[in-house]
Amino acid sequence: MSPDAFAAHAAHGSAAASTGTPLVGTAVPRREDPRLLTGQGRFVDDIQAPHMLHAQFVRASVASGRITSLDLSAVREVPGVVAAFTAQDLDLKGITAGLHRPVEEYVPTEMPVLAGDRVRFVGEPLAIVIAENPYAAEDGIEAAKVTYDVFPPALDEEAALADGAPLVHERAAHNTLLDVSLFATEGIDEIFTGAACTVRVESRTGRQNALPLETRGALAQWDAREEQLVVHTCTQIPHQVRTVMAGCLGLDERAVRVIVPDMGGGFGIKCVVGREEIAVGAAALRLRRPVKWIEDRKDALTASFLAREQHYSLRAAFDADGHILALDADVVCDMGAYSCYPFTVGIEPLMASSEMPGVYRLPAYRVRGRAITTNKAPTAPYRGVSRPQYVMAVERVFERAARELGLDPVEIRRRNVITDFPYRGVNNITYDPGSYRESLDLCEQVLRNEGWYDRQAEAAGQGRHLGIGYSCFSERTGYGTAAFAQRKMKVVPGFDLAEVRMDTTGALTVTTGTVSHGQSHETTMAQIAADELGLDLHKVKLHQGDTDRVAYGWGTFASRSIAIGGSAVRRAARLLGERLRVLAAGLLDVPYEDTVLDQGNVRLREGPQRVVSFVELAEVAYLRADLLPVGIEPGLTATASFDTLSDGTFSNATHGVVVELHEGTGQVEILKYVCVEDCGVAINPTVVEGQCRGGIAQGIAGALYEQVTYDAQGDPECTGFMEYKVPTAAEIPDITILHLETPSLITETGAKGAGEGGTIGAPAAVLNAVNDALRPTGIELENTPIRPEQVQLALEQASYAHQGHEQHKEPA
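On a predicted model such as this, the values are computed, not experimentally measured, just so you know.

Helix and strand counts for the chain stand at 22 helices and 30 strands. Scaling as 2.2 N^0.38, a compact globule of 812 residues should have a C-alpha radius of gyration of about 28 Å, and the chain matches this with 28 Å. Seen through its principal axes, the chain has C-alpha atoms that stretch 110 × 75 × 50 Å. Taking all 812 residues of the chain together, 61% fall into the buried category. By sequence separation, contacts in the chain at least 24 residues apart represent 80% of the contacts at least 6 residues apart. Here the chain has roughly 30,000 Å² of accessible surface; of this, 50% comes from carbon and sulfur atoms. Side-chain charges of the chain comprise 74 positive and 107 negative groups, with the mean position of each set lying 3 Å from the other.

So, on to the environment of Gln208. Residue position: Gln208 is located in the loop between strand E10 (197-205) and strand E11 (217-223). A residue is classified by how much of its surface remains accessible, and Gln208, at 6% relative accessible area, is buried. The contacts of Gln208, once residues within four sequence positions are left out, are Leu306, Ala307, Arg308, Tyr382, Gln698, Ala701, Gly702, Glu706, Val708 and Tyr724. Of note is the side chain of Gln208, whose polar atom sits 3.3 Å from the side chain of Glu706.

Moving on: the confidence of the model for the chain. Averaged over all residues, the pLDDT of the chain equals 95, while 96% of them reach at least 70. Low pLDDT (under 50) marks residues 1-16, which in the prediction has 27 contacts with non-local residues, meaning those over four places away or in another chain. When the criterion is pLDDT under 50, residues 806-812 qualifies, and its contacts beyond four places in sequence or with other chains add up to 0 contacts.

Further remarks concern the pattern of salt bridges. Counted under the stated rule, the structure contains 57 salt bridges. Linking Arg413 and Glu399 is a salt bridge whose minimum nitrogen-to-oxygen distance equals 2.9 Å. Within this pair, whereas Arg413 is found in helix H13 (residues 409-414), its partner Glu399 is found in helix H12 (residues 387-405), the two being separated by 14 residues in sequence. On the accessibility criterion, Arg413 (0% relative accessible area) is buried.

Taken in spatial order, the 3 strands line up as E6-E2-E8 in an open sheet, and their pairing is antiparallel. Of all strands in the sheet, those bounded by a partner on one side alone are strand E6 (118-119) and strand E8 (145-150). As defined by bridge partners, strand E2 (residues 65-71) adjoins E6 across 2 bridges and the pair is classed as antiparallel. Each bridged residue has a counterpart across the sheet, and for Gly65 the counterpart in E6 is Val119.

To continue, consider the sheet that holds strand E14 (residues 291-294). Taken in spatial order, the 7 strands line up as E3-E7-E1-E14-E11-E12-E13 in an open sheet, and their pairing is mixed. Whereas interior strands pair on both sides, the edge strands pair on one side only; in this sheet they are strand E3 (81-86) and strand E13 (256-259). Neighbour-to-neighbour, the strand axes of this sheet turn through a mean angle of 25 degrees, independent of strand direction. As judged from the 6 bridges shared by strand E1 (residues 53-59) and strand E7 (residues 125-131), these two strands associate in the antiparallel manner. Among the inter-strand pairings, Val58 is bridged to a residue of E7, identified as Ala127.

Moving on, we get to the environment of Asn209. Position of Asn209 relative to the elements: it lies in the loop between E10 and E11. A relative accessible area of 2% places Asn209 in the buried class. A sequence separation of 91 residues divides Asn209 from Ala300, and the C-alpha atoms of the two residues are 8.3 Å apart. For Asn209, the contacting residues outside a window of four places in its chain are Ala300, Leu301, Leu306, Tyr382, Glu706, Val708 and Tyr724. A distance of 2.7 Å separates a polar side-chain atom of Asn209 from the backbone oxygen of Ala300.

Along the chain, the position of Lys292 falls in strand E14. Accessibility expressed as a relative area gives 2% for Lys292, which makes it buried. Ignoring anything within four residues of it in the chain, the contact list for Lys292 reads Val44, Asp45, Ile47, Gln48, Met52, Leu53, His54, Ala55, Ala218 and Leu219.

Residues of helix H15 (residues 452-461) that are buried: Trp452, Tyr453, Gln456 and Ala459. Seen along its axis, H15 keeps its buried residues to an arc of 120 degrees; they face one direction. Opposite the buried face of H15, by more than 90 degrees, sit the exposed residues Asp454, Ala457 and Gly461. As for H15, its buried residues are in contact with H13, helix H14 (436-449), strand E20 (465-476), strand E28 (650-662), strand E29 (667-678) and helix H21 (757-773).

As a further point, take the nonpolar core. Of all hydrophobic cores here, the largest spans 170 residues; its most connected members are Ile128, Phe318, Met356, Ile700 and Val770. Leaving out residues up to four positions away in the same chain, Val770 has contacts with Val659, Leu661, Val668, Leu781, Ile786 and Val791. Leu576, Ala621, Ile632 and Leu636 belong to the second-largest nonpolar core, a separate cluster that totals 47 residues.

Counting buried residues along strand E12 (residues 228-233), 6 of its 6 residues qualify, which places the element largely inside the surrounding structure. What you see with E12 is no split at all: Gln228, Val230 and His232 on one side and Leu229, Val231 and Thr233 on the other are buried throughout. Once E11 ends, the chain turns through 4 residues before running back antiparallel as E12, passing Glu227 with a positive phi of about 50 degrees. Alignment of E12 against E13, held across 4 bridges, turns out to be parallel. Considered in E13, the bridge of Val231 is made with Val258. In terms of handedness, the path from E12 via helix H8 (residues 238-249) over to E13 forms a crossover that is right-handed.

Parameters at a glance
- Numbering of residues starts from 1 in every chain and runs along the sequence as written.
- For this predicted model, a pLDDT threshold of at least 70 governs which residues receive local features, and a threshold of 80 or more governs which side-chain atom pairs are given and counted, while totals over whole chains, interfaces and linings are taken from all residues.
- Excluding hydrogens and water, the side-chain figures rest on all heavy atoms present in the structure.
- Put simply, DSSP H or I for four residues or longer makes a helix, DSSP E for two residues or longer makes a strand, and each gets a number counted from the N terminus.
- Restricting the calculation to C-alpha atoms gives the radius of gyration, and the globule rule supplies 2.2 Å times the number of residues raised to the power 0.38.
- Partly exposed describes any residue whose relative accessible area lies between the buried limit of under 20% and the exposed limit of over 50%, with all areas from a 1.4 Å probe on protein chains only and scaled to the type maximum.
- Every residue pair with non-hydrogen atoms within 4.5 Å of one another is taken to be in contact.
- Per-residue and other accessible areas were derived by the Shrake-Rupley procedure at a 1.4 Å probe size, with only the shown protein chains allowed to occlude residues.
- When charges are counted, Lys and Arg are positive and Asp and Glu negative, with His and the chain ends excluded.
- For the purpose of locating charges, the reference atoms are NZ of Lys, CZ of Arg, CG of Asp and CD of Glu.
- Whenever a nitrogen or oxygen atom comes within 3.5 Å of another N or O atom, the pair is scored as a polar contact, on the condition that within protein one atom can donate a hydrogen and the other can accept it, and that pairs from neighbouring residues in sequence are kept only if both atoms are in side chains.
- Per residue, pLDDT measures the predictor's confidence, with a range of 0 to 100.
- Any carboxyl oxygen of Asp or Glu that lies within 4 Å of a side-chain nitrogen of Lys or Arg is treated as forming a salt bridge with it.
- Paired strands, as defined in this entry, are two strands with at least two bridges between them according to DSSP.
- Each axis is a line fitted through C-alpha atoms, taken for helices only over the stretch in contact, and angles between the N-to-C directions span 0 to 180 degrees.
- Note: the arc covers the axis-to-C-beta directions of the helix.
- We call a set of buried Ala, Val, Leu, Ile, Met, Phe, Trp, Tyr and Cys residues a nonpolar core when their side-chain atoms join them within 4.5 Å.
- A right-handed crossover is one whose linking path, passing over the helix from the first strand to the second, runs clockwise when the strands point away from the viewer.

Here it is, written out as structure tokens:
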């Protein structure tokens, strides 16, 4: 899009405000930082209430079994324990997430708030213990006596799908909760038969924990005056928590208020409704005293929502010039014991099935996606939602085809990436304009200009193992109602609401249905509103995460906040700007069209400089209704919604990585990391870079370090950071981030989402770089995390083979 065309698109109306220097696109300092960096943040565990009690949960100690007895009598005798409740005591409705799909495709599962008879994973909550302090609550759960009829667990894909496997849910044959084939191009088998080159990839990714710095938690208390249960909790979706909690407790939604204070990360595991906060609300309602629960790190690692355990079997056909002709995919996602609300177990396989073609022109496509259930903690979306996994598998396909055809890995991508937009894919998705080819070219140029290809050749001569790897991907970020409806969800997210309200001093309060858990909404949403109205940034304050402040909101996930929520904010601000101009036009006795917003004022567009300030307008709107022109109502408030009725908008990026493999230890050292990203208009470039860096760190973690494992009985083996390896600053390299900008034609600001791209691209780029370094060995790795022992074994095998070859050449 030309700059002039985008300027016309961005103006979208006639409220042409001027602040002198545009705020959107400017790296203004984060407004959250002074508070958060000086210890003045207010998180769930910081909140205190008079007569507050503390909760912890008795949790299952077996992976699969039936509860034969649950004795809490000793619990209630522990000093400081006030109460202990089982499922029978609380009698709560369960949590069920649904899809509008036939039973042969989807089997819903009810997740009880507390398990009443059957347990399906170690750590499943059985009872809630309420005490005067957290230490007594911990003592209380230790006193619980539970016995089981223990059943054999199904712990992985092979065991779950085997004939005669123990069933996690009796209704789910073959332990399969979702089995769909969304696409099957006619004649695809014939394409494979006639292809010049076919390649296969088997790729598996390890189970992970999203590991937000702040664990889950909730404080619930009954407000007798308002007749309302008030719940402070660290969730990404406060309105959905309110909906489910009201349903489980049998309350009107009006009788539940959910408030999100500052939040120390979410990354997706907090964008589903957890059973623990429901139980805490039920206990507070029963006892009429405030009850707080803070998840400890052991429970966070073992019993919280997990993610990522997936298996991709891909077969691809190419012509002799390296153009992809067809892709045949089988996707199996291990989703643990239950469906998460509201997304269901379908979120991972449906995401992978619908969006796997990504940035490439793919003529023919067939895919089967399955969600299986196992006796492990349930999974929730985690930053990227299947995209890090399917991108890694598809990028391995291109790497393998390049080797088979003798092509450069960058060149084969260059021949296949989408370059003409809008592009309608074989997956029935329309991709809006992006910079797929440009980001690839620039990423390669940076690595070549910095001499990394020359260093790789030099290292080989010295017996060192350097590798260079790339990944190209897109990220759909503007998911609206239409996109989510395609998944046939019974609960369909999409739109968001925003309200802007100006007070008598000319200050602006912005209320949005999105929730920040590290994305800097207090800064970026303020930038959008201030820019639209021509206000000073410091005159704008954001309110978010409170179900009583906005009618409904879908929260923050899928990089939707700026694309959807920010668009709603801009629309609301534009409506308020129009209202200010109407009022000013009436007071100045001039046509509306002659007015313009300008740095906190409304002035005449041309002619004599007649100006009325926002403060003066606000005084009339609120304090001097007698001066209001005829037909103009008092007050300065505007509300707007935004939804994308199309397929959404797509960010894109290319990641390039240089690694060195250290012989003797098998350690993978990242020497260089380049990210060339395009998220449309960057509202605040510093914030975008922060999102990229954090996402890349999490992607590297999945590529090289993090994995949740279990023993043969289903006991979690990663109960602390001694077992669950988390990378530190020593393992994460300096990252070069370069920005391209292709404005979105769909959103109000031209922005696309930026929250997940770093995580999506990193695993594939790191794995490809490792395999490039291993190229002389003839060994390729396909799974993550990459273990040092795997790398070391490959290097040793190559060394032994070389030594044997040298000995063979010596004369007898």
